[in-house]
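A look at the structure
Letter by letter, the chains look like this.
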Amino acid sequence: IEEVKKRTFIKPDFEPKKLAINTATEKELAAHPYLTYKWAKAIVAYRFQHDHFQTIEDLSKITLLPAETINKIKPYLSFD
């Protein structure tokens, strides 16, 4: 780990690329390292049935999606 630290850095103003949860396709969602295709499919299906997500808490209504995963993907989502 120390060798990696010596050779890499993260800029203080780094912002992860955001994924638009309300417009992303199953394929785009499944490409995220914290999401499986099964979870991506559930997100898109829920969005189709219940309209757009307003907040991260809306994702907790998808019983298939673990709370731990929701917390992990939170910084990577936008709700525009």
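Refer to the preceding data block for the structure.
Residues numbered from 1 in each chain as written. Predicted model: local features only at pLDDT ≥ 70, side-chain atom pairs only at ≥ 80, totals over all residues. Heavy atoms only, no water.

**Concerning the side chain of Arg-47**
Note the cut-off: A run of DSSP states H or I qualifies as a helix once it reaches four residues; a run of E qualifies as a strand once it reaches two. Both are numbered from the N-terminal end. Residue burial is assigned from relative accessible area. The probe radius is 1.4 Å, only protein chains are included, and a residue is buried under 20% of its type maximum, exposed over 50%, and partly exposed in between. Under the convention used here, Asp and Glu are negative, Lys and Arg are positive, and both His and the chain ends fall outside the count. Salt bridge, as used here, is a side-chain nitrogen of Lys or Arg placed within 4 Å of a carboxyl oxygen of Asp or Glu. Contacts described as polar in this section are N or O atom pairs within 3.5 Å, which, within protein, must combine one atom able to donate a hydrogen with one able to accept it, while residues neighboring in sequence count only if both atoms come from side chains. Should any heavy atoms of two residues lie within 4.5 Å, those residues are considered in contact.
Inspection of the secondary structure assignment puts Arg-47 in helix α3 (residues 37-50). Despite its burial, Arg-47 pairs with no opposite charge; the closest candidate is Glu-28, at 7.2 Å N-O. Within the structure, the side chain of Arg-47 is placed 2.7 Å from the backbone oxygen of Ile-21, a separation counted as a polar contact. In contact with Arg-47, not counting residues within four places along its chain, are Ile-21, Asn-22, Thr-23, Ala-24, His-52 and Phe-53.

**Observations concerning the nonpolar core**
Using the following cut-off: Think of a nonpolar core as a cluster: buried Ala, Val, Leu, Ile, Met, Phe, Trp, Tyr and Cys residues, connected wherever their side-chain atoms sit within 4.5 Å.
If you look at the biggest cluster of nonpolar residues, it comprises 19 residues, and the most contacted ones within it are Leu-29, Ile-43, Leu-59, Ile-62 and Leu-65. Listing elements by their share of this core, those giving two or more residues are α3 and α4 (67-73). If you tally residues by element for this core, the top one is α3, at six residues. Once residues lying within four places of it in the same chain are set aside, the contact partners of Leu-65 are Leu-35, Trp-39, Ile-43, Leu-59 and Ile-70.

**Regarding the side chain of Asp-58**
Mapped onto the secondary structure, Asp-58 falls in the loop between α3 and α4. Judged by its relative accessible area of 13%, Asp-58 falls in the buried class. Within the structure, Asp-58 has its side chain in polar contact with the backbone nitrogen of Gln-54 (distance 2.6 Å). Those residues in contact with Asp-58 that lie beyond four places of it in its chain are Tyr-46 and Phe-53.

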